[in-house]
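Reading the structure
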Amino acid sequence: MKDIHALKPLLIGITGGIGSGKTTFAKCIEKHGFPVYYSDTRAKEIVNENNVLKRKIIQLLGEDAYDENGCYHRKWVAEKVFGNAELLSQLNSIIHPAVGLDFEEWFSVQKARFVFKETALLFELGLNKNCYKSILVTAEDNIRIKRVMDRDGKTYREVEAIIAKQMPEKEKIKKADFVVYNNSSIEELKKQTTVLIEKMVDSILI
Ligand code: ATP
């Protein structure tokens, strides 16, 4: 019999548009004991921790990208790249590979049979190709907008504009192996989490 602990973990991607509840869902997964890599959270940490990355960002955007304490000036950077697709793409081409390397380091020490990666850009960056399965968390636009307005204090129109720039839900639903509909309560989301984990486990027993 094979020792399953000697196998490489199976990677499952969790994605969803703004306010879909992908982080909330990922936290439910974590409560079941599975490791989760939070790409967006790590990206925010890495821009402050990784000196090579810091230097590249300063080279691209100038010293103002970091404040006097060496902390990433998120708001300033967002304003600087807003509406400048070329600059945004250059910034992403620096940050995304750094997050990719950080993920590889994390993944290389994981021992669980399933590990999860939460990222807003799973399909957009083609990261699903490296995943055993992909999970899309989705919810109706109005619900997502309301949740983000409550969470971030953004206006209806601001959130609507962000949604309009993201990959359409229909397209993501087609690409995903599993879809979680997060239109109801957190309790309902937890139930869907349990069902999904069972499906995932079943998929390797077949
Ligand atoms: P983003 O991409 O903007 O970071 P996200 O997809 O990770 O968003 P979350 O941060 O998980 O989304 O959820 C958005 C907000 O909605 C949070 O404040 C979260 O607490 C809330 N939320 C998520 N799911 C539910 C739910 N089923 N019922 C009530 N509130 C929810």
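Criteria and cut-off values
- Residues numbered from 1 in each chain as written.
- Predicted model: local features only at pLDDT ≥ 70, side-chain atom pairs only at ≥ 80, totals over all residues.
- Heavy atoms only, no water.
- Helix = DSSP H or I, 4+ residues; strand = E, 2+ residues; numbered from the N terminus.
- Expected span 1.5 Å × (residues − 1).
- Buried < 20%, exposed > 50% of the residue type's maximum accessible area, 1.4 Å probe, protein only.
- Arc of directions from axis to C-beta.
- Contact = heavy atoms within 4.5 Å.
- UniProt positions renumbered as here; feature names shortened; annotations may be inferred.
- Core = buried A, V, L, I, M, F, W, Y, C linked by side-chain atoms within 4.5 Å.
- Domains from an automatic or database assignment.
- Patch = residues over 30% accessible without salt bridge, like charges linked within 9 Å, V, L, I, M, F, W, Y side chains within 5 Å.
- Areas by Shrake-Rupley, 256 points an atom, 1.4 Å probe, with all protein chains shown as cover.
- Salt bridge = Lys/Arg side-chain N within 4 Å of Asp/Glu carboxyl O.
- Lys, Arg positive; Asp, Glu negative; His and termini not counted.
- Charge placed at Lys NZ, Arg CZ, Asp CG, Glu CD.
- Pairing = 2+ DSSP bridges.

What about helix 9 (residues 186-205)?
The end-to-end C-alpha separation of helix 9 is 29 Å, in line with the 28 Å expected for 20 residues at 1.5 Å each. Listed as buried for helix 9 are Leu189, Gln192, Thr193, Leu196, Ile197 and Met200. Along the axis of helix 9, the buried residues cluster in a sector spanning 145°; they form a single face. Turned more than 90 degrees from where helix 9 packs its buried face, Lys191 and Leu205 sit exposed. Tucked into the core, helix 9 has its buried residues touching strand 1 (10-15), helix 1 (22-31), strand 3 (114-118), strand 4 (133-138) and strand 5 (178-181).

Some details on the UniProt feature "binding site: ATP" (unreviewed entry) in the protein
UniProt annotation of "binding site: ATP" (unreviewed entry) refers to Gly19, Ser20, Gly21, Lys22, Thr23 and Thr24 when read in the numbering used here. Mapped onto the fold, Gly19 is located in the loop between strand 1 and helix 1. For Gly19, a relative accessible area of 14% corresponds to the buried category. In contact with Gly19, not counting residues within four places along its chain, are Arg144, Arg147 and Val148. With respect to the element layout, Ser20 can be found in the loop between strand 1 and helix 1. By relative accessible area, which is 0% here, Ser20 ends up buried. In this structure, Ser20 is in contact with Val137, Thr138, Ala139, Arg144, Arg147 and Asn182, ignoring residues within four places of it in sequence.

Looking at the nonpolar core
Counting residues in hydrophobic clusters, the biggest one holds 29 residues, and the most contacted among them are Leu53, Ile57, Leu61, Tyr72, Leu91 and Ile95. Of all the elements, helix 5 (residues 85-108) adds the most residues to this core, at nine residues. Looking at which domains feed residues into this core, each of domain 1 (10-35 + 113-201) and domain 2 (41-109) gives three or more. If near-sequence neighbours (up to four positions away) are discounted, Ile95 is found in contact with Ala43, Val47, Leu53, Ile57 and Tyr72. Counting 20 residues, the second largest nonpolar core, distinct from the first, contains Leu10, Val137, Val180 and Leu189.

A look at a positive patch on the surface
On the surface, a cluster of positive charge is made up of Lys129, Lys170, Lys174 and Lys175. For Lys175, the position within the fold is in helix 8 (residues 169-175).

Describing the pairing of strand 1
Strand 1 sits mainly inside the fold: six of its six residues count as buried. Of the two faces of strand 1, both are covered, the one formed by Leu10, Ile12 and Ile14 as well as the one formed by Leu11, Gly13 and Thr15. Pairing analysis gives five bridges linking strand 1 to strand 3, with the strands arranged parallel. In the sheet register, Leu11 faces strand 3, and the bridge partner there is Val115. Bridge count for strand 1 against strand 4 is four bridges, and the pairing is parallel. Note on strand 4: the bridge partner recorded for Thr15 is Leu136.

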